[in-house]
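Each chain, letter by letter, is given below.
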Amino acid sequence: MARGGFDLTATPDDLRSDPREGVRTEAGLVLGMAVSLDELTFDNRFTDDLPGDPMDLNEPRQVHNAAYSRVRPKATASPKLLAHSPEVLSDLGLDSRIAETDEFARVFSGNATLAAMEPYAMAYGGHQFGHWAGQLGDGRAIALGEIVTDDGARHMLQLKGAGPTPYSRRADGLAVLRSSVREFLCSEAMHHLGVPTTRALSLATTGDQVMRDMFYDGNPEWETGAVVCRVAPSFIRFGTFELPMSRDDNELLQALADHTISLHFPEITDGRTEGFEAADYVAWFREISKRTAEMIVHWQRVGFVHGVMNTDNMSIHGLTIDYGPYGWLEDYNPGWTPNTTDREYKRYRFGAQPHIGQWNCTQLANAIYPLVGDVEPLQEALETYVDVFNTDWRRMMGDKLGIAELDGERDTELIHDLLELLPKIETDMTLFFRGLANVSTDDGLDLDARVAPLLEAYYDPDTFTGDVRAETDAWLDRYIARLREEGRADANRSQAMNAVNPLFVLRNYVAQLAIDEADNGDPSLILELLDTLRTPYTEQPGRERFAEKRPEWARVRPGCSMLSCSS
């Protein structure tokens, strides 16, 4: 696919989301914020609008003519809250003290439900690694219900790891601590990076042990059970529409599409909630394609690799969803995938994510074709993905390089040549772009002084010699000459670059250290990481260790590089 970009005009402050301050009373409560979970306003439109499973049988099976199956979370032995996101708590209109209550721990570990909740598991299908997999569904996720806050925002609450559902197939529907820590931290890290994402409200252990074969090598072990509460406008996926289309269930397909458009995309039809026509479905698909392209440009900006870009893991909101064997590029390697299942073919490698996003949008177009009845308008709408990605990717790379006004083919070549240069020796992507912001345009510097800000990014500085050093010096000649043309002061350029090039990302080995400590009963590193990742573009004295290159011991250690889909 041709290269494109994203207009990242946000400042570091824009990219952070701090809890609303509110006005505190003498008791410490925030006026206007709910002090009890019972004050939440539920509006369960998904279950109200759409047909449910007529069978009340929580056993793995094929579910037809239904968008969901009602199911309740599984009670656990001894739920304990390890962490919560104050920002998400505030977004839900809840006072921070609620997170300290037993009720909060019980509800968001699956041990209690509120009267207004309507728990269910969603039905959907999907293409997995390019092949149609048939019915999949929420095999270890249970939606609790939809709340609407005072500002009109809609939030679906969903527990991941809360027990079996009719869609669990041969699994137990549970999750373990290591995958739950990764999901909780990464959801919030991505949000503060400015990447569209589902959110995470809470992380709790269950007191139960869960059997998992982490490496799929026939050696399963008992692990600590855990539950994450995820939050999003909805958890509707591309695969939600693929399943009824695959069964020629056009009635359910249209009901799902009409519900989604009227509730989540009202701007598409100017507020009309029924009587949709082919053009409405095309306009809706065009918007999904646009949002998906924008999301993936952000992934490429920060070096995030999803690892499992199956169509059942693609949100119709253009949000990053389902944090399984994800990873962060540490050394810049476009061919890297974090997923052991994808080790051989690397379908979901970093460099392929833009193309896979387009492929997945094509599968969604195929799914909604019965509602449109004509290929041409869907094909034209699909071009939106290509146009948005190409334009936004190019603008994004200009922002990463500190180039305010891109100059046609010349800047395209400058970008291309850098991306060809970076993999030639092992180069930390995050630290390279942070270092590049400190490169001086002063023509009085010698070559060694000029390149000095980049040296920290190389895993083995001794390899920065010969042809690689010569090519880097030549590229810096062109880059600095280009910056001088714009005439922006180095300090201003550096500030702009640091607003889009993070210093802190959730490095795989750091996440594993937090998991290790939590597994030994100490969640303090989870909490410190959560706090650090709130301001990923800003230097934080005392936390420099979270921005360091991957240490040698982490190169092959389980959990620090590639991961399996095992939870």
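All values reported here derive from a predicted model rather than from experimental measurement.

So what's going on with the overall build of the protein chain? Which residues, and what values?
Each helix and strand in the protein chain was counted, giving 16 helices and twelve strands. Against the globule reference of 24 Å for 567 residues, the protein chain gives a C-alpha radius of gyration of 24 Å, in line with a compact fold. Split into buried and exposed, the 567 residues of the protein chain put 58% on the buried side. A separation of at least 24 residues holds for 74% of the contacts in the protein chain among residues at least 6 apart in sequence. Carbon and sulfur atoms provide 48% of the accessible area of the protein chain, an area that totals close to 22,400 Å². Distance between charge centres in the protein chain, computed from 54 positive and 91 negative side chains, equals 3 Å.

Before we move on, could you go through the pairing of strand β10 (residues 221-232) and cite the residues and values that matter?
Summarising burial for β10: nine of the twelve residues are buried, a large majority. With five bridges connecting them, strand β7 (residues 154-160) and β10 associate as antiparallel partners. When the sheet's bridge partners are listed, L159 is paired in β10 with C229. As defined by bridge partners, strand β8 (residues 175-176) adjoins β10 across two bridges and the pair is classed as antiparallel. Residue pairing across strands places V176 opposite G225, the latter belonging to β10. Across ten bridges, strand β9 (residues 199-212) lies against β10 in antiparallel orientation. Residue pairing for β10: R212 is matched across the bridge by E221.

Lay out the environment of V388 in plain terms, naming residues and giving numbers.
Structurally, V388 can be placed in helix α9 (residues 375-401). The sequence separation of V388 and G161 amounts to 227 residues, and the corresponding C-alpha distance is 36 Å.

Can you explain the packing of helix α7 (residues 278-302) against helix α8 (residues 353-372)? Please cite residues and give values.
Look at α7 against α8: their axes get within 10 Å of each other, and the N-to-C directions meet at 165°. Judged by the angle between their axes, α7 and α8 are roughly antiparallel. Considering how the two elements wind past one another, α7 and α8 form a crossing that is right-handed. Touching A278, Y281, V282, W284, F285, I288, S289, T292, I296, W299 and Q300 of α7 are Q353, P354, G357, C361, L364, A365, I368, L371 and V372, all from α8. Residue composition of the contact of α7 with α8, by class: 15 nonpolar, five polar and no charged.

Tell me about a negative patch on the surface, and please be specific about residues and values.
A surface patch of negative charge is lined by D374, E376, E380, E383 and D387. The residue E383 is located in helix α9 in this model.

Explain α7 to me, and be specific about the residues and the numbers.
In this model α7 runs 37 Å from its N-terminal to its C-terminal C-alpha over 25 residues, within 8% of the 36 Å that 1.5 Å per residue would give. For α7, a buried count of 19 out of 25 residues is recorded, marking the element as mostly surrounded by other parts of the structure.

So what's going on with unusual backbone geometry? Which residues, and what values?
Positioned with a positive phi, R169 is a non-glycine residue whose angle comes to about 55°. Mapped onto the elements, R169 comes out in the loop between β7 and β8. With a relative accessible area of 49%, R169 lands in the partly exposed category. A positive phi angle, near 55°, is found at D248, a position not held by glycine. Looking at where D248 falls in the secondary structure, it is placed in the loop between α5 (238-246) and α6 (250-264).

Which residues make up the pattern of salt bridges, and what are the values?
Within the structure shown, the criterion is met by 42 salt bridges. R237 is the partner of D322 in a salt bridge, and the nearest nitrogen-oxygen pair spans 2.6 Å. Residue D322 is found in the loop between β11 (304-305) and β12 (327-328), and its partner R237 is found in the loop between β10 and α5; the two are separated by 85 residues along the sequence. Accessibility expressed as a relative area gives 12% for D322, which makes it buried. Judged by relative accessible area, R237 falls into the buried class, the value being 1%. A network of salt bridges, in which partner residues are shared, links E87, E528, D531, R534, R543 and R545.

So what's going on with the environment of T47? Residues and values would help.
If you trace the backbone, T47 turns up in helix α1 (residues 45-49). Residue classification places T47 among the buried positions, given a relative accessible area of 6%. It is 9.4 Å that separates the C-alpha atoms of T47 and S69, two residues lying 22 residues apart in sequence. Excluding residues that lie within four positions of it along the chain, T47 makes contacts with Y68, R70, E118 and Y120. Of the polar contacts made by the side chain of T47, one reaches the backbone oxygen of N44; its length is 3.2 Å.

I'd like a description of the nonpolar core, backed by residues and values.
Counting residues in each nonpolar core, the largest one holds 131 residues, and the members touching the most others are F241, W328, L436 and Y479. Once residues lying within four places of it in the same chain are set aside, the contact partners of Y479 are L401, L414, L436, R493 and M497. Counting residues in each nonpolar core, the second largest holds 33 residues, with F42, L92, L94 and L243 among its members.

Give me the side chain of T197: which residues, what numbers.
Inspection of the secondary structure puts T197 in the loop between α4 (177-193) and β9. Owing to a relative accessible area of 9%, T197 belongs among the buried residues under this scheme. Polar side-chain contacts of T197 include one of 2.5 Å to the side chain of Y323. Not counting residues within four places of it along the chain, the set of residues in contact with T197 comprises S187, M190, H191, L319, T320 and Y323.

Tell me about the confidence of the model for the protein chain, and please be specific about residues and values.
For residues with low pLDDT, the predicted coordinates do not support detailed interpretation. Overall, the prediction assigns the protein chain a mean pLDDT of 93, with 94% of residues at 70 or greater. Below a pLDDT of 50 lies the segment residues 1-29, which in the model reaches 88 contacts outside its immediate sequence neighbourhood of four places, other chains included.

Lay out the pairing of β9 with the relevant residues and their values.
Judged by how many residues are buried, β9 sits mostly within the fold: ten of 14 residues are covered. Note that strand β2 (residues 80-84) and β9 share four bridges and pair antiparallel. Bridging across to β9, L81 finds its partner in A204.

The rules behind each value
- Residues numbered from 1 in each chain as written.
- Predicted model: local features only at pLDDT ≥ 70, side-chain atom pairs only at ≥ 80, totals over all residues.
- Heavy atoms only, no water.
- Helix = DSSP H or I, 4+ residues; strand = E, 2+ residues; numbered from the N terminus.
- Rg over C-alpha atoms; globule rule 2.2 N^0.38 Å.
- Buried < 20%, exposed > 50% of the residue type's maximum accessible area, 1.4 Å probe, protein only.
- Contact = heavy atoms within 4.5 Å.
- Areas by Shrake-Rupley, 256 points an atom, 1.4 Å probe, with all protein chains shown as cover.
- Lys, Arg positive; Asp, Glu negative; His and termini not counted.
- Charge placed at Lys NZ, Arg CZ, Asp CG, Glu CD.
- Pairing = 2+ DSSP bridges.
- Axes fitted to C-alpha atoms, helices over the stretch in contact; angles between N-to-C directions.
- Parallel < 35°, antiparallel > 145°, perpendicular 65-115°, else oblique.
- Left-handed = near helix turned anticlockwise from the far one by under 90°.
- Nonpolar A, V, L, I, M, F, W, Y, C, P; charged D, E, K, R; others polar.
- Patch = residues over 30% accessible without salt bridge, like charges linked within 9 Å, V, L, I, M, F, W, Y side chains within 5 Å.
- Salt bridge = Lys/Arg side-chain N within 4 Å of Asp/Glu carboxyl O.
- Expected span 1.5 Å × (residues − 1).
- Polar contact = N/O pair within 3.5 Å; in protein donor to acceptor, adjacent residues only side chain to side chain.
- Core = buried A, V, L, I, M, F, W, Y, C linked by side-chain atoms within 4.5 Å.
- pLDDT = per-residue confidence, 0-100.

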